[in-house]
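Results of the structural survey
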Protein chains: 2
Amino acid sequence: MLRRNYVSRLLLPQPRIIPHNLENQNGDKDTRLSLSHRLLTEAGYIHQETQGYFTLLPLGLRSLSKLENLLDQNLQSVGCQRLRMPSLTPSSYWERSHRKSEMGPELMSLKNRRGKEFVLAPTHEEALSQFFSSLRLSYKSMPLYVYQITNKYRDELNPKFGLLRANEFLMKDLYTFDVDQACAKETYKNMSVVYERFFSQLNVPFLRAVGSGASMGSSASHEYHFLTDAVGQDKIGTCNSCEQKFNMEVVENNYSCPECLNGTIEPLSQKAIEVAHTFHLGNKYSSVFNSDFMNKNAKMEHAEMCCFGIGLSRLLSASVEILSNESFIRWPETIAPYKVYLITPKKGSKEFNDAVCKVHHLYDDVLKYMSSDVLIDDTENKTIGAKLRYAKKIGIPLIIVFGKDSIKSVDPLVEIHTYKDQVLKLHPSSIKDFVLQMYDKV
Amino acid sequence: MLRRNYVSRLLLPQPRIIPHNLENQNGDKDTRLSLSHRLLTEAGYIHQETQGYFTLLPLGLRSLSKLENLLDQNLQSVGCQRLRMPSLTPSSYWERSHRKSEMGPELMSLKNRRGKEFVLAPTHEEALSQFFSSLRLSYKSMPLYVYQITNKYRDELNPKFGLLRANEFLMKDLYTFDVDQACAKETYKNMSVVYERFFSQLNVPFLRAVGSGASMGSSASHEYHFLTDAVGQDKIGTCNSCEQKFNMEVVENNYSCPECLNGTIEPLSQKAIEVAHTFHLGNKYSSVFNSDFMNKNAKMEHAEMCCFGIGLSRLLSASVEILSNESFIRWPETIAPYKVYLITPKKGSKEFNDAVCKVHHLYDDVLKYMSSDVLIDDTENKTIGAKLRYAKKIGIPLIIVFGKDSIKSVDPLVEIHTYKDQVLKLHPSSIKDFVLQMYDKV
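Residues numbered from 1 in each chain as written. Chains lettered and ligands numbered in written order. Predicted model: local features only at pLDDT ≥ 70, side-chain atom pairs only at ≥ 80, totals over all residues. Heavy atoms only, no water.

**Some words on the environment of Glu49(A)**
- By secondary structure assignment, the location of Glu49(A) is in strand β1 (residues 46-50).
- Put simply, Glu49(A) and Tyr139(A) are 90 residues apart on the chain and 48 Å apart in space, counted from C-alpha to C-alpha.
- Ignoring any residue separated from it by four or fewer positions in sequence, one finds Glu49(A) in contact with Phe54(A), Thr55(A), Met85(B), Pro86(B), Tyr93(B) and Phe131(B).
- Of note is the side chain of Glu49(A), whose polar atom sits 2.9 Å from the side chain of His47(A). (Helix = DSSP H or I, 4+ residues; strand = E, 2+ residues; numbered from the N terminus. Contact = heavy atoms within 4.5 Å. Polar contact = N/O pair within 3.5 Å; in protein donor to acceptor, adjacent residues only side chain to side chain.)

**Focus on the domain arrangement of chain A**
Residues and elements named next belong to chain A.
- Taken as a whole, chain A is organised into domain 1 (35-323) and domain 2 (338-440).
- The distance between the C-alpha centroids of domain 1 and domain 2 comes to 41 Å.
- Taken residue by residue, the interface counts seven residues in domain 1 and six residues in domain 2.
- Each partner contributes to the roughly 620 Å² buried at the junction of domain 1 and domain 2, and carbon and sulfur atoms together form 46% of this total.
- Seen at the junction of domain 1 and domain 2, the total is three salt bridges.
- The salt bridge partner of Asp 373 is Arg 62, with a shortest N-O separation of 3.0 Å.
- In this assembly, domain 1 and domain 2 are joined by five residue pairs in polar contact (both at pLDDT 80 or more).
- Contributions of two or more residues to the side of domain 1 that touches domain 2 are made by α1 (35-42) and α2 (58-76).
- For the side of domain 1 that touches domain 2, the element with the highest residue contribution is α2, accounting for three residues.
- Grouping the constituent residues of the side of domain 1 that touches domain 2 by class yields four nonpolar, no polar and three charged. (Domains from an automatic or database assignment. Buried area = accessible area lost by both parts, 1.4 Å probe. Salt bridge = Lys/Arg side-chain N within 4 Å of Asp/Glu carboxyl O. Nonpolar A, V, L, I, M, F, W, Y, C, P; charged D, E, K, R; others polar.)

**Some thoughts on the interface of chain B and chain A**
- Of the residues lining the interface, 65 residues belong to chain B; the matching set on chain A comes to 65 residues.
- Of the roughly 5,700 Å² buried between chain B and chain A, counting both surfaces, carbon and sulfur atoms make up 52%.
- A per-residue breakdown of the area chain B buries against chain A is headed by Arg84(B), Arg113(B) and Arg114(B), which together make up 15% of the total.
- Between Arg84(B) and Glu68(A) there is a salt bridge, with the nearest N and O atoms lying 3.8 Å from each other.
- Where chain B touches chain A, the interface holds 20 residue pairs in polar contact (both at pLDDT 80 or more).
- If you tally residues by element for the side of chain B that touches chain A, the top one is helix α2 (residues 58-76) of chain B, at five residues.
- Here the residues of the side of chain B that touches chain A are counted per class, giving 33 nonpolar, 17 polar and 15 charged.

**As for the relation of the copies chain B and chain A**
- For these two chains of identical sequence, chain B goes onto chain A by a turn of 180° and a shift of 0.0 Å along the axis, with RMSD 0.0 Å. Those values place the two copies in the arrangement expected of a two-fold rotation axis. No C-alpha of chain B approaches the rotation axis more nearly than that of Leu110(B), which lies at 2.7 Å.
- A share of 100% of the interface residues of chain B reappears at the interface of chain A, consistent with the copies meeting face to face through the same patch. (Least-squares fit on C-alpha atoms with pLDDT ≥ 70 in both.)

**Digging into the environment of Ala336(A)**
All names here are of chain A.
- Structurally, Ala 336 is set in the loop between α9 (312-323) and β17 (340-343).
- In sequence terms Ala 336 and Met 142 are 194 residues apart; their C-alpha atoms lie 37 Å from each other.
- With near-sequence residues (within four places) excluded, Ala 336 lies in contact with Ser 63, Lys 66, Trp 331, Gly 395 and Pro 397.

**Remarks on the pairing of strand β21 (residues 423-426) of chain A**
Residues and elements named next belong to chain A.
- Pairing geometry for strand β20 (residues 414-418) and β21, over four bridges, is antiparallel. Across the sheet, residue Ile 416 finds its bridge partner in β21, namely Leu 424.
- Between β20 and β21, which pair antiparallel in sequence order, lie four residues; one of them, Asp 421, sits at a positive phi of approximately 60°. (Pairing = 2+ DSSP bridges.)

**Focus on the sheet that holds β20(A)**
Residue and element names in this part refer to chain A.
- Spatially, the five strands line up as an open sheet ordered β18-β17-β19-β20-β21, and their pairing is mixed. The open sheet has two edge strands with one neighbour each: β18 (374-377) and β21. Each neighbouring strand pair of the sheet contributes to a mean axis angle of 20°, computed without reference to strand direction.
- Those strands touched by helix α10 (residues 352-370) are β17, β18 and β19 (398-401), and its axis lies near 165° from that of β18.
- The sheet strands contacting helix α12 (residues 431-438) are β17, β19, β20 and β21, and the helix crosses β19 at an angle near 175°. (Axes fitted to C-alpha atoms, helices over the stretch in contact; angles between N-to-C directions.)

**Structural notes on the packing of helix α1 (residues 35-42) of chain B against helix α9 (residues 312-323) of chain B**
All names here are of chain B.
- Running from N to C, α1 and α9 cross one another at 100°; their axes reach a closest spacing of 8 Å. Judged by the angle between their axes, α1 and α9 are roughly perpendicular. Of the residues in α9, those in contact with Leu 35, Ser 36 and Leu 40 of α1 are Ser 317, Val 320 and Glu 321.
- For the contact of α1 with α9, the class distribution of residues is three nonpolar, two polar and one charged. (Parallel < 35°, antiparallel > 145°, perpendicular 65-115°, else oblique.)

Structure, rendered in structure tokens:
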């Protein structure tokens, strides 16, 4: 059954303007509302339930699912396998790794009715290491790459900026198990290529910096950042010779570049927000949990681990933060909730019936190729101008307006608005090809 | 990039036989291991982390995702919109609805570092009602149908039977908001049709019984059950006149049918396991949370609510429980992790190279239509017989064996094993059409 997507049927909170300053739970009034938090709330993508906890509304979940799928494709193309571990992990795991005390109050924990304590996991190194030890794999089945995309939990002292710093958030965490350090380094390098490709597909400028892996006991660690003074909290430096980037936390007070041994590290003027983090963990966890495989000599040996995280709900919001302006959301085109937005005239206008007919014809024609990615704004009592502003606010990359001119018998014209703020006028008969070409569906 | 799916690259715990009795955490040895728990564990679908908590391994997550997609399609075809609420919900919600005390120790809760208490939600009536009240919808935007598919939590006193009774589980919960009781009844009826269709697509015999809605404060309530003495815990009765089914809890000691007022309710001999539950909630929650909409007279009025749950991880496991035999998993075909399993001869055999070549040719030819649903068993050191047993164990609906006869120059033949325990012999050139026809991809 063909179902057309109508704006009037979409769950959208009443349009409202959110104050730029919101009181936080300390009664502290200077907590700025970030641009992405405000825009995503106003446009009906997210809804704050209580500080640090957000509902993803249908629009928001659509974008997030697209982001998930894009990442899935990239990871599976190099043999990563998706699984799903419980969010509640035994506290005993966290004691064995000493992170129960290291991470302290950031870990949320509870006791079940039998008094057994669990941690609502912010990450799964412990659980995966424990799981791997139960597999008793042969070296022939290595390397093993497994990942999940699940809710993670962190008791933020001061949750803020909407999805950027929330207590419950969606994270992709990939864990790799190799037979030795050389293989693990190869894996680490290959996954870095996958990350570069994934971030390039999003088309948001990013940088990769040497990061501090201390708390993870890592021998190599890199962070992926977007540059933004508005919500950035990290300082990044660049070597003036080899251009290697560093999180300034790593640099401490030694500004000579440890990579090329030649240049000096100079801090960038803009602050940065971390959206991904990778670690070569070595056997830090595998030695604690006896995450062993059987080697060529039939002896059990600790696996060499790496882990690779991407905060997906944060990445969603950070992309909006970087690409949008004060009034309109701009998405990485590949994760916009819908690709095409069709606007009909106001109900009751002379051109209404004919234009609606043309819109439906186009929709049913294009839908064959674009499945559910087209939205029709049929809202009653709204002028074309109001519909256009709304379409721009939620950030649909291609807006097609069927106004008065679209039903003229001679030289009918339809108006097209793109992300590049172009306004094109096209004959209705050429729109289909225009849309399909734009989205490469031919 | 085309990637073929190989069994050798799949994360599969070492094959092992699981004892039929496992000790539970009370040291109580008579806890039977259910058939589905044993088969899903042995075949590498699930892995128990600790009692009541399971990892879905790649095979298991594939089947679960297919189940999710099937349900998504059914719900979206009647205008349901998917969203995702936080799992941690303020305890204050549960106090307002009095379920904090009613559900007692089944609710898992924790305090954050500021001392605010949260419940790890087993269901979201409270949170959705609270959310709806913030929307202030007009009657014109009603009915509103919203659902989520997320992890839910229940502190089971005695978790058992694997995914059938776990503490962390995947549930679809749909909430509907109507303007009055008549509309809510209509919604309830329509969703029941959707449920019937969904369960029919799974092709597992099910029944729908009048259920007890007491704890939800419901005016109407129905349960969906599979019949199974092995893991069933409910008793169902049927009216000997109108055939209406009832959960015997509702019947109590009055066996005359309240539906047709004519017949007598007779208990079925088999026990039943509940896989879904629906409630007409009326304004039980909307009156507590002021979940109001603006009516035609511009007055705010409580919405009329229903809710519709399906335990997806339980349904997955219950389907296996019903359809499988002692040795082999049988899936509802639509949610088998792969549709086709291609078997090559043992490495080193004379026919190995030629047969592998034919398998790859078929795979690449069929894959165009079936995307990632084909699996090649390339395991080293395994005979065709061993591979066949494994394919049957994990329950792939169509197994195609390329043995010695497949490479004969005259009258080559390939062996096909189906769920119906048919064994067909076909010419290699006709397999493609056979597969595509079977899966309706022509």
